Amino acid sequence: MSRASRKVASPRVVCVEDLLPLARRRVPKAVFDYLDGGAEGEVTLRENCRAFEDVTFRPRHAVAFSQCDLRTRVLSFDLALPFLLAPVGYSRLMHPGGEVAAARAAGKAGTAYILSTISGHKLEDVKAGSSGPVLYQLYLLGGRAAGEAVIERARVAGFAGLVVTIDTPVSGIRERDHRNGMKELISGSLLQKIPFLPNILSHPGWLIGFLLDGGIQALPNVVIPGKGPMPLLDVNAALASSAVTWADFSWIRDCWRGPIVVKGVLTGDDARRAVDEGAAAISVSNHGGRQLDGVPASLRALPEVVAAVNGQVEILMDGGIRRGTDIVKALCLGARAVLCGRAYAYGLAASGEAGIARAIEILRADLDRTLRLLGCSSVAALDRSYVNVPKSWERC
Ligand SMILES: Cc1cc2nc3c(=O)[nH]c(=O)nc-3n(C[C@H](O)[C@H](O)[C@H](O)COP(=O)(O)O)c2cc1C
C-alpha cells in the first residue's frame, strides 16, 4: 500500500472534507485550485454547499431496521447506491489513473460513472475498466463531425447513456486558474510556463507521476476527422465555438438512439424543454459553481424542476454534495439520485483509486447511518415528509 493510500485509509479521514488537505498536499496548487475552485466570486460554489443547511430533518424515532436499502434505479440500471460519479474534466491531471480509476471505483461500489469529454484516457479503456454502467458526457468540441464519431465509439464500447451538458456555451472564468497560469501550464510554450513552474516543481511526487504517465497532450476522445485528437491548446477556444443548443437535440437523438440525460438545468422552463427534446433524465446542476456565478444552489433549484417535470422523467441533481445527509436531503426533495463531483475528485487527487474508494465508502456509511437515524428503511421511501423546507421554498 502506498503512503498516500495509507493516509486516505487512516481513521483520521472521517468525512469527505478530510480528503481535501491530503489532495492539497499531493498535487500542485494549480491542479488543486482547478479542482476546488469555482467561477468569479465563487458565490454559487459556496451556496451549493450552504443551501443544504437550510433544509432540516423530521426524523421518525423509536423505529429500527436490521438493514437499510440504498439501492435505486437510474435509466433502468440497478445501482447499489443513490449517487453516481459526475464527469470531471482533466481527471488524469489529478492522478495518472484518472478516469479509468474513477470508473473502476464506481463499478466496484455498484454505481455508475460519467466520463467527461475532457478526458485524458480513451473512452474504450475507461469502459473496459469498469464493471458498472458508464455514461458519456458530451460537449460538441470539434463540432458535429467529431461529435458523431465519439457518439458512435461510445455506442460500440457499450456506454449506458449520453449526458449532454447545456450550461457551457463558453467556459466560466475561474479566477484561481488564471492566477495560477493553468492555461500556460497545460498548453503554453516553455517560455510561457516558466513563471508558473515553481508551483509544479514543489510537488516532485506528482510531477514524476505525471511525466511517467506521458503528460496529457490531447483529448483522445475528441477526434477531428482528418486531423486526429484535439490538442489541449485548442480546448478553450473550441468550447466557445461548440455550444450545445436545443437545435442540436434531434441530431444527437438520431446519432445516439439511446437514453439521454440533460445536465445543467436550473429552471422549470428548461426542464420542460428537455422533456420535449426526449431527455430520459435531467440533472439539476450549475456545474459545481464553475459556470455562471450568481445562479442559485442546485438544491434550491431542485423543487422547481421536480414540480415542472411532474414525474415524466427521472431527476438527478449535483452540486455541493459532501455528506450522506446532503444526498438524503436531495432525495427527499425529489431527486432519484445525485452526482458527486469534487467529493470523489478530492479522493482521486489525494491517492488515486484508493482515495475515490474511500470517498465512496464514507458516503455509503453516511447514507446508511442517516437513514437509520431518520427512521426510514430505504432510499426509495424518502420523501418530503422527512424534511423541513424553508417557507420561501414552498412556492415550488
Ligand atoms: C474539476 C471539475 C471538472 C469538471 N468537468 C466537467 C466536465 O467536463 N463536464 C461536465 O459536464 N461537468 C464537469 N464538472 C461539473 C461536475 O460534473 C458536477 O456538475 C459538479 O462537480 C458538481 O458539484 P460538486 O463538485 O460540488 O459535487 C466538473 C467539475 C469539476 C469540479
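Structure first, text after, so check above.
Note that the structure is predicted; figures quoted are calculated from it, not measured.

A. Structural view of the overall build of the protein chain. Helix and strand counts for the protein chain stand at 19 helices and 14 strands. Taking 21 Å as the expected radius of gyration for a compact globule of 396 residues, we find that the protein chain reaches 20 Å, a close match to that expectation. Dimensions of the protein chain along its principal axes, counting C-alpha atoms only, are 65 × 50 × 40 Å. Considering the protein chain as a whole, with its 396 residues, one finds that 58% of them fall into the buried category. Considering only residue pairs separated by 6 or more positions, the protein chain has 72% of its internal contacts joining residues 24 or more positions apart. By element, 54% of the accessible surface of the protein chain is carried by carbon and sulfur atoms, the whole surface being about 16,200 Å².

B. The arrangement of the environment of Val100 in detail. Relative to the assigned elements, Val100 resides in helix α6 (residues 98–108). Sequence separation between Val100 and His121 is 21 residues; the distance between their C-alpha atoms is 7.1 Å. Ignoring anything within four residues of it in the chain, the contact list for Val100 reads His121, Asp125 and Val126.

C. Examining the state of the cysteines more closely. Throughout the structure, instances matching the rule amount to zero disulfides. We note that Cys49 lacks a disulfide partner, and the nearest cysteine sulfur, in Cys340, lies 11 Å from it. Judged by relative accessible area, Cys49 falls into the partly exposed class, the value being 27%. This cysteine, Cys68, is not joined by any disulfide, and Cys376 carries the nearest cysteine sulfur, 7.7 Å off.

D. Just the pattern of salt bridges, in detail. A complete count under the given rule lists 22 salt bridges for this structure. Here the residues in one salt-bridge network are Lys29, Asp33, Asp36, Glu42 and Arg176, joined through shared partners.

E. Looking closely at unusual backbone geometry. One non-glycine residue, Glu42, adopts positive backbone phi at about 60°. Here Glu42 shows up in the loop between α3 (29–36) and α4 (43–50). The backbone of Ser76 shows a phi angle near 70°, a positive value even though the residue is not glycine. If you trace the backbone, Ser76 turns up in the loop between β2 (72–74) and β3 (77–79).

F. Spotlight on the pairing of strand β11 (residues 281–284). Neither face of β11 is left uncovered, since the one carrying Ala281 and Ser283 and the one carrying Ile282 and Val284 both have all their residues buried. Summarising the sheet, strand β10 (residues 260–265) and β11 pair through four bridges and their orientation is parallel. The residue bridging Val261 from the neighbouring strand is Ala281, located in β11. After leaving β10, the chain enters helix α16 (residues 268–276) and then returns to the sheet as β11, a path that is right-handed. The pairing of β11 with strand β12 (residues 314–318) spans four bridges and is classified as parallel. Bridge pairing in β12 places Ile282 opposite Ile315.

G. Here's a closer look at the site of the ligand. Surveying the vicinity of the ligand reveals 22 residues, the closest of which are Pro87, Ser116, Thr165, Asp318 and Gly320. The contact in question runs from an oxygen atom of the ligand to an N or O atom on the side chain of Asp318, over 2.6 Å. Between the ligand and the protein, one listed contact pairs an oxygen atom with a side-chain N or O atom of Arg322 at 3.0 Å. Taken by itself the ligand offers 600 Å² of open surface, and the protein chains cover 98% of this.

H. Structural context of the nonpolar core. The biggest cluster of nonpolar side chains holds 125 residues, and the ones touching the most others in it are Tyr113, Leu141, Ile282, Leu299, Met317 and Leu382. In terms of residue count, the dominant contributor to this core is helix α19 (residues 342–374) (15 residues). Among residues more than four places away in sequence, those in contact with Leu141 are Thr117, Ile118, Ala146, Leu219, Val222, Met230, Val235, Ala238, Leu239 and Ser242. With 15 residues, the next largest nonpolar core counts Val74, Ile114, Ala160 and Leu316 among its residues.

I. Quick look at helix α17 (residues 298–309). Compared with an ideal rise of 1.5 Å per residue, which puts twelve residues at 16 Å, α17 spans 16 Å between its outermost C-alpha atoms and is within 8% of the ideal. Within α17, burial applies to Ser298, Leu299, Ala301, Leu302, Pro303, Val305, Ala308 and Val309. Where the residues of α17 are buried, they touch α4, β10, α16, β11, β12 and α18 (324–332). Looking one or two residues beyond α17, the residue adopting positive phi is Asn310, at roughly 50°.

J. Seen up close, the packing of α16 against α17. Where α16 contacts α17, the two axes come as close as 8 Å, and the packing angle between them is 40°. The orientation of α16 with respect to α17, classified from their angle, is oblique. For the crossing formed where α16 meets α17, the hand is right-handed. Along the contact surface, α16 presents Gly268, Ala271, Arg272 and Val275, while α17 presents Glu304, Val305, Ala308 and Val309. Classifying every residue of the contact of α16 with α17 by side-chain character gives five nonpolar, one polar and two charged.

K. Local environment of the pairing of strand β8 (residues 218–224). Burial analysis of β8 places five of its seven residues in the buried class, which makes it a mostly covered element. Bridge analysis of β8 against strand β9 (residues 228–231) gives four bridges, and the strand direction is antiparallel. The residue of β9 that forms the bridge with Val223 is Pro229. Where β8 folds back on β9, the antiparallel hairpin that results is connected by three residues, among which Gly226 adopts a positive phi of roughly 85°.

Definitions and limits used
Residues numbered from 1 in each chain as written. Predicted model: local features only at pLDDT ≥ 70, side-chain atom pairs only at ≥ 80, totals over all residues. Heavy atoms only, no water. Helix = DSSP H or I, 4+ residues; strand = E, 2+ residues; numbered from the N terminus. Rg over C-alpha atoms; globule rule 2.2 N^0.38 Å. Buried < 20%, exposed > 50% of the residue type's maximum accessible area, 1.4 Å probe, protein only. Contact = heavy atoms within 4.5 Å. Areas by Shrake-Rupley, 256 points an atom, 1.4 Å probe, with all protein chains shown as cover. Disulfide = S-S within 2.5 Å. Salt bridge = Lys/Arg side-chain N within 4 Å of Asp/Glu carboxyl O. Pairing = 2+ DSSP bridges. Right-handed = clockwise from strand over helix to strand, strands pointing away. Near = heavy atom within 4 Å. Polar contact = N/O pair within 3.5 Å; in protein donor to acceptor, adjacent residues only side chain to side chain. Core = buried A, V, L, I, M, F, W, Y, C linked by side-chain atoms within 4.5 Å. Expected span 1.5 Å × (residues − 1). Axes fitted to C-alpha atoms, helices over the stretch in contact; angles between N-to-C directions. Parallel < 35°, antiparallel > 145°, perpendicular 65-115°, else oblique. Left-handed = near helix turned anticlockwise from the far one by under 90°. Nonpolar A, V, L, I, M, F, W, Y, C, P; charged D, E, K, R; others polar.

In short, geometric facts, not functional conclusions.
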